[in-house]
Structures are given as structure tokens and as C-alpha cells.
Amino acid sequence: MDQFYGYGIYAISLLTVGGMYAILTLGLNLQWGFAGLFNAGIAGFFAVGAYVTAILTKPEAPEHLGGYGLPMAPAIAVAMLVAAAIAWAIGRICIRLRSDYLAIATIGIAEILRLILKNETWATNGPRGISSIPRAFEYLPDPWDKLAFMALVLVTVLVIYLALEKAWRSPWGRVMTAIRDSEDAARAAGKDVESFRLQAFVLGSALMALGGAYYGQYTKYFGPDSSDPASVTFLVWVMLIAGGSANNRGAVLGAFLLWTIWSGTQIVTGWLPREISLFGVAIPDVPVRAAYLRIFLIGLVLQVVLQRYSKGILPETRPAVLGRRITRGPEPGRQG
Amino acid sequence: MRRILLAGAAVLATATAGTAEVKLGSLGGVTGPIAEIVALLMEGRELAARHVNEQGGLFADGQQLTLVVGDSACDPKAAVDAATKLVNVDQVVAIVGPNCSGATLAAAQSVTIPAGVVILSESATSPAITALDDKDLVFRAAPSDAYQGIALANYILGQGVKTVALTNANDDYNAGLAAEFAKAFEAAGGKIAAHQVHEPNKANYRAEVATLGGAKADALVVFAYYGSSGIAIIRNALETGAYSKFFGADGMVNDELVNQLGVDALKDAAFTTPGADDSTGAFKAYMELAKDLKQPLGPYVPNAYDATFLLALAIEKAGSADRSKIAAALREVATPPGEVILPGEWAKAKALIAEGKDINYEGATGSLDFDAAGDVPGTYTLNTVTPDGKFAAKLLK
Amino acid sequence: MWEFVNFYLIPGLVLGCIYALGALGITLTFGILRFANFAHGEVMMLGTYLALTMVWLFGLHPLLAALPAMALTALLMLGLDRAFFRPFRSAPTIISVIASFGLMLMIRSAVQVIWGTQPRPILPGVQRPQAWLDGAILLAPKHVWILLATLAIMAAIHLLLTRTRIGKAMRAVADSPELARLTGIPVETVIRATWVVAAATAVAAGVMLAIDTQVETMMGFKMLLPMFAAAILGGIGRPFGAVAGGLVIGVAEELSAYPWLGTAPLLNPAYKSGIAFAIMVAMLVWRPSGLFRGRVL
């Protein structure tokens, strides 16, 4: 009985974390899938969302800024606004850069943001991080607290998904993809390319902050190690590309699927015996080595997915035009 | 896809088939920024589990103690995920680890405290863990930084060194330790001539060392992990002739330090580690048992042994793999009164528990008598490098 | 005055040389294959572990051990290209970038499984600096080696790119792949040559970094972003731009901590790694073609 209850709790955690990543992939899809913006600074916005929410909702603590005791919803709204403001400032100067260059610029800016959060100890407690972050519904008895938090995350994903689907089919979404596929044509049609791109960048970054705000609550502790680019920026990119960019369903699928692989592989490696004898050679410390091997396997799975589904598991489909669906035209990105 | 799922289900079924074993979670930063330190201390945990299993296992029917490794990667997100799996999927009785303080705070608050599972970390030293509202479920086999800062400050002042330059790596552990040390050192009348925070994992630290050297202090105090910046700082300080006298703490104690810098360079260096007193029987017993480990006295390796052995004793004492009884049992086996149990004495402890007698484990790292917050008192050892390139440990009084 | 040279300028130049060698490969692959190769740092790390193994097995000097390691890594790189990059030659850039990210994870974890995670010295001991110019300049022998070896490699690359057929073809493809293809340049051969040069220079950079510090599994990843910054600063596809960019970034990182005003460092050294990023972002925004008019992709 305990065992099945345990599987249930683990399934809840998979859905909760998968849902938080889905918020991030949907935000990225808005930037990359819609507008063709290569944002590689996800970790920065994620961290801003988590820190701002934590500082605003926590009771006063001597180690860092705080004591505002705001309720959850307004605190998250402020966090998203702060991230949006930062994104707007970055976007103003960087938005005209194309693909890889924007990627490298945003990665640099995100690292500078993370350095600031790590070094301005008076505000963020520096490398020691913020502990005891309040989580929504944590006053409920076990397991209802976890279920309610999961429901909150999943409902948020659903709302964002529906909103983005609507946007995708709207004239706004069509302008966005038009700009992505041919900037010059869109400009010639009289569209303010820079302004549309900036909108996508700011909205997407605010969603990333929302993901961070939930994640900070979920782990109840947030520090500089929490927004390591490898487990935030890169993982989210992998999720989006594997799931299918420019397809909101693909973005959500990628998040849940990749998170399940990322997390689930560890259960298997954890079961390996301490020592394996291979061709007569004893290999010690197997569980420790298996932890590295797991990362290797994740890399390999990624390569296989890329080679089999280079457009993602659910590729882009255009909204119905004249009653029929057409597949996507020229790819963005590779501008000779 | 379906085939993969079926294969997964098959693995799941075989792995959870009931065998006579007791699962103990072994959570640690196996990958990530301190992977090299964790790889060493995982050996300490494994050694303790081996001793338990070789001397009759757990309970009357000799069940095997199995360590289920979870990778907390020194990342709070990964720690929460790994702890969720250990607690719910693997249904471990208790958890030894995790290693980094941030990962410990996240795993404890998000997963293990609500689930009522005991965690015993051998290396998370942040004072913030003391203050945690932990329902008596979070324990540590390493003393809080606050004590180590005081111990090192007093030792340095006792050596007649009144002015030091201080540098620390910008991570939770070393920044905390540096803050506690600076407070204690200045309170006791010492002077910190320069304090320079450095980012770990840089190629060189000559600019930092130049600034520190400009302070013309008597010695350099380095709080860092040896691999990610500690060796580089000392190397740069020696190369530029800025300092030749060094002090530091447990993150620095590793044979690699001597391998890379040489014995000569370190003749005026001393580092504190949490309480391994080489005059005690417990320490000698541990050294004898641990002589096959790569580094028996590497950072937190003896603590890892003690933490794992203690949790095994607590499970034996509790009489069953019942999570809710572990905390109380842990306090009973770790603290007086009771017959003293030294590292490796599993068969003796098992017999005493079977007779209903009290036991009191004395570990390689000290008495491990938990206080109300689940912390152990600070006894500290001073580690110096001997002419043959080994670390010698001596208890700080 | 001499303190400035000895503690800030020279370390900056040494670091800059290492960045420069690493950025060389990045700028060539970026210019010719047209994607940002995130696995470049790991290739550098893998090659350094191979060199370390040569040192262990044959007792070679690290600089000598670098040569077979460079050859081995170049061969490996050709295999990796075939398996993981070649299928995506005509796919969108992002796919190659993500593939390089996957490769980065795979190489690093393979090295961790094979060699373990303990940092290792490739050149144990402390080299005390020797006095030059009546004791005004302090320079350790290993730093002299690093500076000289970098110069030698630069000269070799210069000859390769200007005097050989394949080098000229590489430059042509970097300038305009369509034009190069039309004029009958075998693009696949050029790509292979690019990987060989990129892998070899990366290993050289890794071994020098290891001589100055140590060999460890995260060394590639932590050098990756500064190397990207150097490549961009110099202009994509411009090998000598990458060298200049590397030197500028190396020196700027070190000089940012110099007490220019008063006695405190100008910038808290904890922010030092932000310097490379700040220079890179500023360059991208105001002059995306870099110092040496590289390509704007």
C-alpha cells in the first residue's frame, strides 16, 4: 500500500515539475516558435522570478531583503513585471540581433544577472540563498497540499496554453510567424518588426519568471545553484526542440516527456549493484559512475530524438488557411 | 515507445520484488560542482554499509543494508527530485546526505520533513540548518560553521598571528565559513587586513592574490574547495611570493593539495577539519578499517562513515524499517549513557541491542552527541602536512 | 608599476593566450559550419585528459604529450562530426546547436566515467617565477612556454590559411559558402579540415590551461563562454580576430581587479567573469561584425 501511495506521490511530483517546465517551454515557444528569437538566457529570468517572489512573500529575515509578507498572487505578478521590465530593457538594445548572436548576448546577460543575484548579499543572502519560502496550499494536510499545488501549476499551464493557442491563430500570431519567416517581407508589408519582436520577448520572459516563481515555492529554498544554466536554459531548449517548436502542444509534451526521462532514468541507475563484473574486470563504485552515465544517456536520447524527429515530435502546423492545413514553410534561423 | 515502456515496467517489477534488504537513501552531489569531493565520501558511506553487512546485517534475520544512490548534484532542484524518488519510489527508511547546504535545505523542507523521514547530512554545515523547524528529523554529523570559525580563529591567534588576509570562494559553504571566521577573529582581537571574495573555477587568481598581498598581512586564510579554487589560490600566492603561510578549513584537506603543490610549499600550512582526534580509540579503529579507501581523511570522508554507521545502528535499535522510529533511536544510539561502540563494531553493537542494552557510538569524527537541534558539538582537528607528504591530524584544544 | 605588469598584465596575457587558442576553433567552426558549437569546451577537456594519459604512460613532458593528444582528438572529432553533426548540415542552425549541447553532456560524462572527477596535475609542483630585467619582471618558465607556444601555433595557423590550398579553401567557405560551392571547392573536405584545426587548437589551449592550473572535468565548460566572447569580439570567421579578442578579454578580466582608483580593486573580483560577457554584449550591440569585420550571420 505504502509503495503505491509512494508511486502516486512521485507521479504528482513528475506532473508538478513537468508543469513548471511546461510554463518555461511555452514562454520559450512564444519567443522562438512564434517570433524566432533565440533566447539563451532563460536561467536569468527564471532566477528573477523565484527571487522576487520569495523576497516578497517571506516574513522578515535578517539575512536578506524581505518582510513584505505579500500574498502569493500579487507577489508573483510583481515578479513577472520585474522580469518583463528587465526583458524590455534587454530587448531594446538586443532585439535586432539575429539567432545565434541574440543567443550569445542573452546567455551573457543572464550570467551577469546571476552574478548580481549571487553577489548582492544584502538583498539575496548571496551564495547562501533564501530558505523557508512559503508555498501555496502548504497548510493543507498531506497529500492534499501536493495535489493542490500540482493543480495550481497544471491549471496555469492550461490557461497559458489556451491563451497562446488563441494568439497563434490570431492576426497577431500570423504577423509574428511572418516576421520569423521573412523579416523583409513583413517590413515591406508595413509591420513594425522591432515592436512585435519586443512584445514576444517581454511576454515570454514574464512567463519564464512565472515558472521560476513556482519553482522557488516548490523547492522552498532558492540559491545561486538553483538556476544553473545546464538544468534550466539548456534543458528547456531541449524540451522545446524535442517536443516540437512553434507547436504549443509540442512544447507541453516535450516538457513532460523530457522531465520524466531526466528524472526517471535515475530510478533505474539507483538500482544498479555496487560492483559489476564485466569481462572479468570488476568495476567498483557503480552507482556513482551510473550518475555520470545517466547524463551520457540523456545526451544520447537527445541525439536520437533530434535525428529521428528533427522538427520535433509534434511538428509545426499552420492554422487553417482557406480550409486546409499546410505544413511550415522555410525554416528560420539559418540565414546563409 | 510501447516496447520501451514494457521494458521499463519489467525492470520496475524485478527491482521491487521483495528481497530481504533494508534500503537507506544515499543522497549526494555525485555530479555537479563538488563531484570530486562527493566521490570520495561516497566511499566512506559504502565502507560503513559493508561493515554492517559483513557482520551479520540488520535485525535477527540478517537483512542486507542497501544504499540507494540519489544524485542531488549540489542543485536544490535536483536534490528535491532525488529526495522525492528515494522517499516515495524506493521507500528508503532514512537518508544519509545530501552534501551541499542549499540542497539540504531544499530537500529537507520540500520533501523529507513533510514525509517524516530522517536525514543525516555529513557535510552540510550552514547555520541556517540549525534554525530549521525540522520536527526533529534533520541531523548533521558535521558541526555548524559557526563553531569551526571560532576554532580556527583561536588557533591562528594562539600561533601569534594577529593580522591575516582572508579570501573565500563564493559558494554557500565557504562564504558562510568566512563570515563566521571574520566575526570570531576580530572579536578575539585579530585584524583582517583584506577580505577578497573570489569566484571559483577561474583559471588563475593572480589579481586577487595581488590585492591580498598588498595588505601585507602575516598569513593568508583560504576558504575554498581544493579543486575548484583552493589549490590555484595557494599556488598563485606562492608563485608571486605574496604569502607562504596558509590557514584554511576542511574543503582544502586532500592529498591532491600535496600532490600538486609539493611538501615544501605547505610546511607552513594548517587546516581545520571537524573533530577527528587521532588520540582516540575511535579514530584509530576507523583508520585501521579505512586504510583501503583512496583518502580516509579526505573532506567529510570519516563523517560519511560515521553518519551511515549511525543510521544503521538507529535502524537496528528501532527494530524494524519503520521511519517514524528512527529519529528517537538515532538519539539513543548516538548519545550516552550506554556501552561505547567504535567504528566497525557492528557485531558487538547488534548483540548489545539484542540484549536490550544501551549503546553509545563514538565515531572517528568525535562523540556525535546530538544537541536539541540535531547538531553535533564542535570538536576540531588541525591538519598539517608531514615531511613525507601525508596529512597529520591533531585535536584542537 | 612593476606590480601592475607582474600581477595583472602578464597573467592577463597568459589567460588571453589560452582564450585565444580556444576561440580560434570556435570562430572557424562558427564561420564555416555556421553554428555555435557548445561542445568545443568539452573537446578541449577530452584532449587534455588524453594528454594527461600520455604523461602518465610515457612520462612525456606535457607540451610534447599535447602533440599525440591533438592528433587523437582530431580523429575522434571527425568521427563525432560524422555521427552527430553531419546529419544536420542542411537543417536549421538550432538543431546543430542542440546536437552540440547533447554532445557536450556525452563527452563530459564519458570522461567522468573513464577518468573520474578528481582534479589532476599535469605538471606537479610550484614553479617560482624567475626575475627578468634586473628583477623588474617576474615570469615563471611555464608562462614563457605558454606565450611562446601560442605564438608558434598562431604562426602555423597563419601559414596554413594563407599558403595552403585547403587553408585558402577554408577562408573562401568562411567568406561565402554559396560562392565557394559554385567555384567547385569541396565543402565536405573543408569541413573536415576545420574540425581537425579546431580540435587541435582546442587541445593546445586545454594543455596550456592544465599546465597553468590542473586537469579537471569542468575545465572546458568554464572556458566556453569567455572563448565565445573572444570569437565574437574578434569577428566570426576571423582567426586573428579571435586571437586579438582572446587577448583583450583575458587582459580586461585581470585589469578589472586592478586598484585604478585608490587602493580597492576597481571591480569586486567576484564580478570578474562578468567582464567577458559585458564586453561581448556591448560588441554584439554596437559592432556585431567584431573588431576585424567578421561575418554577421
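Now for a quick tour of the structure. The residue numbering used here restarts from 1 in each chain and proceeds along that chain's sequence as written. Here chains are named by letter from A upward and ligands by number from 1 upward, in the order in which they appear as written. In view of the model being predicted, local features appear only for residues whose pLDDT reaches at least 70, and side-chain atom pairs are presented and counted only at 80 or more, with totals across whole chains, interfaces and linings using the full set of residues. Each side-chain value is worked out from all heavy atoms of the structure, with water and hydrogens disregarded.

Turning our eyes to something else, we now look at the overall build of chain C. Counting its regular elements, chain C contains 11 helices and two strands. Only DSSP runs of H or I covering at least 4 residues are called helices, and only runs of E covering at least 2 are called strands; the numbering of each starts at the N terminus. The linear arrangement of helices and strands in chain C, starting from the amino end, is α-α-α-α-β-β-α-α-α-α-α-α-α. Taken over C-alpha atoms, the radius of gyration comes to 19 Å for chain C, in line with the 19 Å a tight globule of 297 residues would show. Seen through its C-alpha atoms, chain C measures out along the principal axes to roughly 60 × 50 × 35 Å. Accessible area is worked out with a 1.4 Å probe on protein chains only. A residue is then buried under 20% of its type maximum, exposed over 50%, and partly exposed in between. Considering chain C as a whole, with its 297 residues, one finds that 65% of them fall into the buried category. The charge count includes Lys and Arg as positive and Asp and Glu as negative, but it does not include His or the ends of the chains. In plain terms, the charge of a residue is placed at NZ if it is Lys, CZ if Arg, CG if Asp and CD if Glu. Chain C carries 20 positive and 11 negative side-chain charges, and their two centres are separated by 10 Å. Values of the radius of gyration come from C-alpha atoms, whereas the globule rule sets the reference at 2.2 Å times the count of residues to the power 0.38.

So, about the interface of chain C and chain A. Pairs of residues are marked as contacts when any of their non-hydrogen atoms sit within 4.5 Å. Contacts between chain C and chain A engage 50 residues on the former and 44 residues on the latter. When chain C packs against chain A, close to 4,200 Å² is buried across both sides, 74% of that on carbon and sulfur atoms. Salt bridges are defined by distance alone: a side-chain nitrogen of Lys or Arg within 4 Å of a carboxyl oxygen of Asp or Glu. Across the chain C-chain A interface, the total number found is zero salt bridges. Whenever two N or O atoms come within 3.5 Å, that pair is a polar contact, provided that in protein one can donate a hydrogen and the other can accept it, and provided that, for residues adjacent in sequence, both atoms are side-chain atoms. Along the contact surface separating chain C from chain A lie four residue pairs in polar contact (both at pLDDT 80 or more). For the side of chain C that touches chain A, the secondary-structure elements that each account for two or more residues are α1 (2-33), α3 (62-85), α4 (93-115), α9 (219-234) and α11 (272-286) of chain C. All amino acids are sorted into three groups, where Ala, Val, Leu, Ile, Met, Phe, Trp, Tyr, Cys and Pro are nonpolar, Asp, Glu, Lys and Arg are charged, and the leftover types, Gly among them, are polar. Residues that form the side of chain C that touches chain A fall into these classes: 38 nonpolar, eight polar and four charged. For any pair of parts, buried area is found by adding up, for both, the accessible area (1.4 Å probe) each one loses once the two are put together.

Residues and elements named next belong to chain B. Ordered in space as β2-β1-β3-β4-β5, the five strands form an open sheet in which the pairing is parallel. Of all the strands in the sheet, the pair left with one neighbour each is β2 (64-71) and β5 (138-140). By this definition, two strands are paired if DSSP reports at least two bridges between them. Here two bridges tie strand β3 (residues 95-96) to strand β4 (residues 119-121), and the two strands are oriented parallel to one another. Bridge pairing in β4 links Ile95 to Ile119. Axis angles are defined between N-to-C directions and span 0 to 180 degrees, where every axis is a line fitted to C-alpha atoms and, for a helix, only to the segment in contact. Most of the contacts of helix α2 (residues 35-54) go to β2, to which it runs at about 165°, and overall it touches β1 (21-28), β2 and β3.

To continue, consider the pattern of salt bridges. Enumeration according to the criterion identifies 33 salt bridges over all chains in this entry. Note that B:Arg45 and B:Glu122 form a salt bridge whose closest N and O atoms lie 2.7 Å from each other. Remark: B:Glu122 occurs in the loop between β4 and β5 and B:Arg45 occurs in helix α2; sequence separation between them is 77 residues. Looking at B:Glu122, the relative accessible area reads 0%, which means it is buried. Across the pair C:Lys142 and C:Asp212 runs a salt bridge whose closest N-O atoms are separated by 4.0 Å. In this pair, C:Lys142 sits in helix α5 (residues 141-163) while C:Asp212 sits in helix α8 (residues 187-212), placing the two residues 70 residues apart along the sequence. Several salt bridges share partner residues, and in doing so they unite B:Arg206, B:Glu239, C:Lys142 and C:Asp212 into one network.

Working definition: a ring pair exists when centres of Phe, Tyr or Trp rings (six-membered ring for Trp) sit within 6.5 Å. Plane angles under 30 degrees give stacked, over 60 give edge-to-face, the rest tilted. Under the defined criterion, the tally for this structure stands at 29 aromatic pairs over all chains. A centroid spacing of 5.0 Å and a plane angle of 70° characterise the contact between B:Phe139 and B:Phe370, whose relative ring orientation is edge-to-face. Of this pair, B:Phe139 sits in strand β5 while B:Phe370 is found in the loop between β12 (359-361) and β13 (380-385), placing the two residues 231 residues apart along the sequence. There is no split in this pair, since B:Phe139 and B:Phe370 are both buried. Pairing B:Phe309 with B:Trp346 gives two aromatic rings, centres 5.8 Å apart and planes at 85°, and the pair type is edge-to-face. Placement of the pair is B:Phe309 in helix α11 (residues 301-318) and B:Trp346 in helix α13 (residues 346-354), with a sequence separation of 37 residues. B:Trp346 matches B:Phe309 in its accessibility class, with the two residues each being buried. By way of ring pairs, the aromatic residues A:Tyr21, A:Phe46, A:Tyr51, A:Phe149, A:Tyr214, A:Tyr215, A:Tyr218, A:Phe222 and A:Trp259 are connected into one cluster. Whether a charge lies above a ring is judged from NZ of Lys or CZ of Arg, which has to be within 6 Å of the ring centre and within 35 degrees of the ring normal. In this arrangement the basic side chain of A:Arg135 is found over the ring face of A:Phe149, its NZ or CZ atom lying 5.8 Å from the centre. Here the basic side chain of C:Arg108 rests over the ring of C:Phe221, its NZ or CZ set 5.0 Å away from the ring centre.

Let's shift gears to the pairing of β13(B). Residue and element names in this part refer to chain B. Burial runs high along β13: five of the six residues are buried. Pairing of strand β10 (residues 269-274) with β13 involves five bridges; the strand directions are antiparallel. Bridge assignment links Thr272 to a residue of β13, and that residue is Leu382. Strand direction decides the pairing type here: β13 and strand β14 (residues 391-395), joined by five bridges, are antiparallel. By the bridge assignment for β14, Thr384 is matched with Ala392. If you look at the hairpin formed by β13 and β14, you'll find five residues sitting between the two strands, and Gly389 has a positive phi there, around 85°.

To continue, consider the sheet that holds β14(B). Residues and elements named next belong to chain B. The strand order across the open sheet formed by seven strands is β7-β6-β8-β9-β10-β13-β14, and the pairing between neighbours is mixed. Sheet topology places β7 (191-198) and β14 at the edges, where each strand pairs with a single neighbour. Going from strand to strand, the sheet's axes swing by 25° on average, the running direction of each strand aside. Here strand β9 (residues 246-248) pairs with β10 via three bridges, running parallel. Paired with Phe246 across the bridge in β10 is Ala269. Each of β6 (163-169), β8 (219-223), β9, β10 and β13 is contacted by helix α5 (residues 145-158), which is oriented at about 150° to β10, the strand it contacts most.

Looking now at the interface of chain B and chain A. The partner chain A presents 41 residues to the 47 residues of chain B that form the contact. If you sort the residues of chain B by the area they bury against chain A, B:Lys77, B:Lys85 and B:Val89 come out on top, with a joint share of 17%. Applying the counting criterion to the chain B and chain A interface returns two salt bridges. For the salt bridge of A:Arg128 with B:Asp145, the shortest nitrogen-to-oxygen distance reads 3.4 Å. Where chain B meets chain A, there are 16 residue pairs in polar contact (both at pLDDT 80 or more). Elements supplying a minimum of two residues to the side of chain B that touches chain A: α1 (2-16), α2, β2, α3 (76-89), α4 (101-115) and α6 (172-187) of chain B. Element by element, the count of residues in the side of chain B that touches chain A is highest for α3(B), at nine residues. Classifying every residue of the side of chain B that touches chain A gives 20 nonpolar, 13 polar and 14 charged.

Turning to the side chain of B:Ser101, a few remarks are in order. Residues and elements named next belong to chain B. Take Ser101: it is sitting in helix α4. A residue is classified by how much of its surface remains accessible, and Ser101, at 6% relative accessible area, is buried. Polar contacts involving the side chain of Ser101 include one to the main-chain amide nitrogen of Thr125, which spans 3.3 Å.

Let us now look at the state of the cysteines. Residue and element names in this part refer to chain B. A pair of cysteine sulfur atoms is labelled a disulfide when the two atoms are within 2.5 Å. Taken as a whole, this structure holds one disulfide over all chains when the rule is applied. Put simply, Cys74 and Cys100 are joined by a disulfide, and their sulfur atoms are 1.8 Å apart. Judged by the sign of its S-S torsion, about -90°, the bond between Cys74 and Cys100 is left-handed. On the criterion of sequence distance, the pair formed by Cys74 in the loop between β2 and α3 and Cys100 in the loop between β3 and α4 is long-range, its members being 26 residues apart. Side by side, Cys74 and Cys100 carry an identical accessibility label, which is buried.

For the rest of this paragraph, the subject is the nonpolar core. What is meant by a nonpolar core is a set of buried Ala, Val, Leu, Ile, Met, Phe, Trp, Tyr and Cys residues, joined one to another through side-chain atoms within 4.5 Å. A:Tyr21, B:Ile156 and B:Phe181 are the most contacted members of the largest nonpolar core, which has 372 residues in total. All domain edges in this entry derive from an automatic or database-based domain assignment. Both domains that meet at this core, namely domain 1 (21-143 + 283-361) and domain 2 (145-250) of chain B, each give it at least three residues. Excluding residues within four positions of it along the chain, B:Ile156 makes contact with B:Val161, B:Val164, B:Phe181, B:Phe185, B:Val221 and B:Phe247.

Residues and elements named next belong to chain C. Taken N-terminus to C-terminus, the directions of helix α2 (residues 40-58) and α4 make an angle of 25°; their axes are 9 Å apart at the nearest point. By the angle class used here, α2 and α4 are roughly parallel. In the crossing of α2 with α4, the sense of the turn from one axis to the other is left-handed. Together, Glu42, Val43, Met45, Leu46, Tyr49, Leu50, Thr53 and Trp56 of α2 and Met104, Ile107, Arg108, Val111 and Trp115 of α4 make up the contact between the two elements. Residue classes in the contact of α2 with α4 are distributed as 10 nonpolar, one polar and two charged. Angular relationships are summarised with four words: roughly parallel below 35 degrees, roughly antiparallel beyond 145, roughly perpendicular across 65 to 115, and oblique for the angles in between. In a left-handed crossing the near helix is turned counterclockwise from the far helix by less than a right angle, and in a right-handed crossing that turn is clockwise.

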